[in-house]
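Given next are the chains, with one letter for each unit.
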Amino acid sequence: AIKFAMDYVFIVHALVLPSRAIMQIDLFCWNYNFAGEDCDAYDYTDSLPLALIQGLRLFRRYAYKALMLFERWLPNLMLYYCNTFFYYLAVLGFASAFDRLRWRGVADGWSKVIR
């Protein structure tokens, strides 16, 4: 329970604010020197069909946000799962040591297997 509480506080809760900021970015109209002008002045509107341009704009609006969220969350998720693995190893080590202490003084070998 302590692990899940610490992981929420240090890993998940720390990503809530940046994730909300990424979701509020509007990338529908995007150019390196875009200063609020009309979107139709960019994206080669005279040489490409309108449906292709709208598809490109929708792709930029949603796919780039998903990519940014994935890149933002990936290191923290990897840390979470690696952390879980180390907790598992610690519990396994304690359980193994306890099991070995429980059988101290008992002869190991074939007699233990067929019992």
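Cut-offs used in this document
- Residues numbered from 1 in each chain as written.
- Predicted model: local features only at pLDDT ≥ 70, side-chain atom pairs only at ≥ 80, totals over all residues.
- Heavy atoms only, no water.
- Helix = DSSP H or I, 4+ residues; strand = E, 2+ residues; numbered from the N terminus.
- Buried < 20%, exposed > 50% of the residue type's maximum accessible area, 1.4 Å probe, protein only.
- Contact = heavy atoms within 4.5 Å.
- Areas by Shrake-Rupley, 256 points an atom, 1.4 Å probe, with all protein chains shown as cover.
- Axes fitted to C-alpha atoms, helices over the stretch in contact; angles between N-to-C directions.
- Parallel < 35°, antiparallel > 145°, perpendicular 65-115°, else oblique.
- Nonpolar A, V, L, I, M, F, W, Y, C, P; charged D, E, K, R; others polar.

**Structural notes on the overall build of the protein**
- Looking only at helices and strands, one finds three helices and zero strands in the protein.
- Of the regular secondary structure in the protein, the N- to C-terminal order runs α-α-α.
- Across the 115 residues of the protein, 15% fall into the buried class.
- Across the protein, the fraction of contacts at a sequence separation of at least 24, relative to all contacts at a separation of at least 6, is 68%.
- Looking at the protein as shown, the accessible area adds up to about 9400 Å², and 70% of this sits on carbon and sulfur atoms.

**Digging into the packing of helix H1 (residues 2-23) against helix H2 (residues 50-102)**
- Between H1 and H2, the least distance of the axes is 10 Å, while the angle of their chain directions is 175°. Put simply, H1 runs roughly antiparallel to H2. Contact residues: Lys 3, Phe 4, Asp 7, Ile 11, Val 12, Leu 15, Pro 18, Ser 19, Ile 22 and Met 23 in H1; Lys 65, Met 68, Leu 69, Arg 72, Trp 73, Asn 76, Leu 79, Tyr 80, Asn 83, Thr 84 and Tyr 87 in H2.
- Here the contact of H1 with H2 is built from residues that sort into 13 nonpolar, four polar and four charged.

**A few points about the side chain of Ser 19**
- Relative to the assigned elements, Ser 19 resides in helix H1.
- For Ser 19, the contacting residues outside a window of four places in its chain are Leu 69 and Trp 73.

Distances and angles like these do not, on their own, reveal function.
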